[in-house]
Amino acid sequence: MNTNYRTHTCGELTLQHIHQTVTISGWVQGTRDIGYILFMDVRDRYGITQVSIKSQENPELYEEAKRLGREFVISVTGKVAERESKNPKLTTGDIEIIPQSLTIMNPAKLPPFLIEDETDGNEELRMKYRYLDIRRPKMANNLILRSKVTKAVREYLDNLNFCEIETPFFIKSTPEGARDFLVPSRLNPGTFYALPQSPQILKQLLMVAGMDRYYQIVKCFRDEDFRGDRQPEFTQIDCEMAFVSQEDIFRTFEGMTKHVFKTVAGVELPDFQRLPYLDSLRLYGSDKPDLRFDCPIIELNEVMGGTEFGVFNSVLAEEGLIACLNAVGCAKYTRKEIDKLTEMVKGWGATGLVWVRYNEEGIKSSVDKFYNEDQLRAICEKAGAKKGDMLLIVADKLKGKVRKALGNLRLHLGKTENWIDPKKWSVFWVVDFPLFERDEESGELTFAHHPFCSPNAEDLQFLDSEPERVYAQTYDLVMNGSEILSGSIRIHQKEVQDKIFDILGLTEEEKQSKFGFMLGAFEYGAPPHGGCAFGLDRWVMLLAGESSIRDVIAFPKTAGGRDLMMDAPSVVPNKSLKELSIKLDLL
Ligand code: ASP
């Protein structure tokens, strides 16, 4: 530490330092002048220290301090003294500094929002003045936590002989199911680099190269329509290993997850359960369910037939699905609340919501016309409903629709009914994914993860005849309802990779132009390999207890993909476009 500027940080001084002469530097968080004494809070990244100046003891300094505005950069030299009224919320709350001198290093304009954890600045303003936002302890601590996570990751992986290797950003497309960001090449007019959606192919080639344990904490770029909480550039902890089975990967990265939790949060996670993908959909209507609370989907086909209710009868006739949630304790819901839920499930694709309410007066439902009390009682029994509960039923001939709507409703209830204990962690593997998915709208077959995942050996026989029956050695790690990791054992044989590209409808030419180099590499001795990538932003978000990844990224983009501070993206001069051989035709 340069002692001209500071001997201590603003988070460091305690009763131990009483009578010492110290110097601190930082930003003026605020001053309070109560007439004969002026209190000033000085803040830096480490904390806040109170400085107090009595007008009688030091009239000159008192007058000077009165002129200090918020966020002035100052340094203060003085004696540490015990405070009269202590502040147990601050680590420095027992002491204050009685200054002998004060230096203003830089004045500051009045900041556009309060630089405190409880700020009055909205998110746009906070992003525009991010450098001020990061002075708020909450934001600063999020970034510090992020740094601790990456340090713990490096520690763990280095111990296991992993090698951190950088891969280029200017590459050819690596498909992960999103659109590429493209960068025009000035030196090769009319051609473009793609920014990596992930280093997937490159890390696989590193395995062919013999670097059998690789990792990289790396930016990935995906040009998606910015839904919800996504960022066009985000960070992955990208990992790959050679000569491993799925079990080896589970052991290694379960170990890493536990190590990070223990190191940065002092939390000991129990061993991770494994949930097959299809069970996850069937029970929770999602491939990333939040299992901090239960409330599974209950299938009711068996007990809903044999009445005059045409809607359900036709669903049953078409082998669709009638299913419900048992909303424990929700029989109290008013008509209005149920109407609101009905609108919500319609928004998630359901045609409607049927309810069965079990309360003091007995069992009532929105389909009383068709179901008598005995039938309703049988339904309640099947769903495990008790007095005070309400069943919320959705039906459709497409099972997926019912599951999706109930999955979303489950999450909604979990939040609104406070079924989620915010101190609880739910971390588990989702396993046994299918290799392909059929796009519901186009009917086209696409890869479920990416096209490099290895099919299960016993399913290879179905590749041609029934590709949807082929399962892959693919896995996700789900944390509190967010997908935090995804990975797979990869294909390492040229013929199998070739075949997958064929099934995905790539022509010989496309195969060669897009992936020729990879297929070529597989002819030079590719070892069996597999790996995964963690979403660092989301993981840190959960550890920080934040609800947006923007709050754990130093300079994030808005939901519309803009950087409000730099005002990017922005128009460039025509000259630059010409150099890049780009003609803009915005008509
Ligand atoms: N490349 C994959 C992804 O970005 C992760 C992996 O399979 O390793 O999701």
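Residues numbered from 1 in each chain as written. Predicted model: local features only at pLDDT ≥ 70, side-chain atom pairs only at ≥ 80, totals over all residues. Heavy atoms only, no water.

Draft legend 1. Here's a closer look at the site of the ligand. Lining the immediate surroundings of the ligand are E176, S198, Q200, K203, R222, Q236, H450, S486, G487, R490, C532 and A533. E176 has a polar side-chain atom sitting 2.7 Å from a nitrogen atom of the ligand. Here a nitrogen atom of the ligand and a side-chain polar atom of Q200 are 2.7 Å apart. For the ligand, the protein covers 94% of the area, taking 270 Å² as the surface of the free molecule. Secondary-structure elements contributing two or more residues to the shell around the ligand are α5 (200–208), β21 (482–489) and β22 (529–535). Here the residues of the shell around the ligand sort into 2 nonpolar, 6 polar and 4 charged. (Near = heavy atom within 4 Å. Polar contact = N/O pair within 3.5 Å; in protein donor to acceptor, adjacent residues only side chain to side chain. Areas by Shrake-Rupley, 256 points an atom, 1.4 Å probe, with all protein chains shown as cover. Helix = DSSP H or I, 4+ residues; strand = E, 2+ residues; numbered from the N terminus. Nonpolar A, V, L, I, M, F, W, Y, C, P; charged D, E, K, R; others polar.)

Draft legend 2. Spotlight on the pattern of salt bridges. A complete count under the given rule lists 43 salt bridges for this structure. A salt bridge links R146 to D537; its shortest N-O distance comes to 2.9 Å. Within this pair, whereas R146 is found in helix α4 (residues 137–159), its partner D537 is found in helix α15 (residues 536–544), the two being separated by 391 residues in sequence. With respect to burial, R146 and D537 carry one shared label: buried. A salt bridge links R335 to D339; the shortest N-O distance between them is 3.9 Å. Of the two residues, R335 and D339 are both situated in helix α10 (residues 335–347); the distance of 4 residues between them amounts to about one turn of the helix. For R335, a relative accessible area of 54% gives the class exposed. Given the relative accessible area of 38%, D339 is considered partly exposed. Each member of the salt-bridge network shares a partner with another, and the members are R126, R130, D133, R136 and D551. (Salt bridge = Lys/Arg side-chain N within 4 Å of Asp/Glu carboxyl O. Buried < 20%, exposed > 50% of the residue type's maximum accessible area, 1.4 Å probe, protein only.)

Draft legend 3. Geometry of empty space enclosed by the protein. A complete count under the given rule lists 1 cavity of 30 Å³ or more for this structure. Space inside the largest cavity adds up to approximately 40 Å³. As for the largest cavity, its lining consists of M127, R130, F555, P556, D563, L564 and M565. (1 Å grid on protein atoms, 1.4 Å probe; cavity = no way out; pocket = protein on both sides within 12 Å on 5 of 7 lines; lining within 4 Å. Points joined across faces, edges and corners; volume = space filled by probe spheres on them.)

Draft legend 4. Local environment of the side chain of N326. If you trace the backbone, N326 turns up in strand β13 (residues 321–327). Within polar-contact distance, the side chain of N326 engages the side chain of D389 at 3.5 Å. If sequence neighbours within four positions are ignored, N326 has contacts with C295, I298, A383, G384, A385, D389, M390 and L391. (Contact = heavy atoms within 4.5 Å.)

Draft legend 5. Expanded view of the packing of aromatic side chains. What the rule picks out here adds up to 20 aromatic pairs. Pairing F272 with W429 gives two aromatic rings, centres 6.4 Å apart and planes at 50°, and the pair type is tilted. You can see F272 sitting in the loop between α6 (246–265) and β11 (273–276) and its partner W429 sitting in strand β17 (residues 427–434), a full 157 residues away along the chain. As far as the burial class goes, F272 and W429 line up, both buried. Note on Y277 and F433: the rings are 4.7 Å apart at their centroids and 35° apart in plane angle, and the pair reads as tilted. (Phe/Tyr/Trp six-rings, centres within 6.5 Å; stacked < 30°, edge-to-face > 60°.)

Draft legend 6. A look at the layout of surface pockets. Quantified by volume, the second largest pocket comes out at close to 720 Å³. At the level of secondary structure, the elements contributing two or more residues to the lining of the second largest pocket comprise β7 (182–184) and α16 (574–579). A per-element tally of the lining of the second largest pocket places β7 first, with 3 residues. Class assignment of the residues belonging to the lining of the second largest pocket gives a composition of 16 nonpolar, 3 polar and 3 charged.

Draft legend 7. Expanded view of a negative patch on the surface. A cluster of like negative charges, contributed by E116, D117, E118 and D120, occupies part of the molecular surface. For E118, a relative accessible area of 69% puts it in the exposed group. (Patch = residues over 30% accessible without salt bridge, like charges linked within 9 Å, V, L, I, M, F, W, Y side chains within 5 Å. Lys, Arg positive; Asp, Glu negative; His and termini not counted. Charge placed at Lys NZ, Arg CZ, Asp CG, Glu CD.)

Draft legend 8. Focus on a nonpolar patch on the surface. On the surface, a nonpolar cluster with roughly 280 Å² of combined accessible area is contributed by F169, F170 and Y193. Within the secondary structure layout, Y193 lies in strand β8 (residues 192–194).

Draft legend 9. Local environment of the sheet that holds strand β9 (residues 213–221). Pairing within the open sheet is mixed, and its 8 strands lie in the order β6-β9-β10-β22-β21-β20-β17-β11. At either end of the open sheet lies a strand with only one pairing partner, and these are β6 (163–164) and β11. Sheet topology note: the β21/β22 ladder contains 5 bridges and is antiparallel. Residue pairing for β22: L485 is matched across the bridge by F534. Across the sheet, α4 touches β6, β9 and β10 (233–242), and the angle it forms with β9 is around 150°. (Pairing = 2+ DSSP bridges. Axes fitted to C-alpha atoms, helices over the stretch in contact; angles between N-to-C directions.)

Draft legend 10. The arrangement of the sheet that holds strand β12 (residues 297–299) in detail. Pairing within the open sheet is antiparallel, and its 5 strands lie in the order β12-β13-β16-β14-β15. The open sheet terminates on both sides in strands that have one partner only, identified here as β12 and β15 (362–365). Averaged over all adjacent pairs, the angle separating strand axes in this sheet is 25°, with direction ignored. Pairing between β12 and β13: 3 bridges, direction antiparallel. From the neighbouring strand, E299 faces β13, where its bridge partner is A323.

Draft legend 11. Geometry of unusual backbone geometry. In the segment running from A568 into P569, the intervening peptide bond is cis, with an omega of 0°. Relative to the assigned elements, P569 resides in the loop between α15 and α16. For N161, which is not a glycine, the phi torsion comes out positive at approximately 75°. Looking at the secondary structure, you find N161 in the loop between α4 and β6. Residue classification places N161 among the exposed residues on the basis of a relative accessible area of 63%. Unlike most non-glycine residues, N480 shows phi in positive territory, near 45°. Tracing the backbone shows N480 in the loop between β20 (471–479) and β21.

Draft legend 12. Quick look at the pairing of β13. In terms of burial, β13 is largely enclosed, as 7 of its 7 residues are buried. Taking every second residue as pointing to the same face, both faces of β13 are buried, with L321, A323, L325 and A327 on one and I322, C324 and N326 on the other. The pairing of β13 with strand β16 (residues 390–396) spans 7 bridges and is classified as antiparallel. Residue pairing for β16: A327 is matched across the bridge by M390.

Draft legend 13. Region of the structure containing the environment of L542. Inspection of the secondary structure puts L542 in helix α15. L542 gets classed as buried once you look at its relative accessible area, which sits at 14%. For the pair L542 and W425, spaced 117 residues apart in sequence, the C-alpha separation works out to 9.5 Å. Not counting chain neighbours up to four residues away, the residues in contact with L542 comprise W425, M479, N480, S482 and I484.

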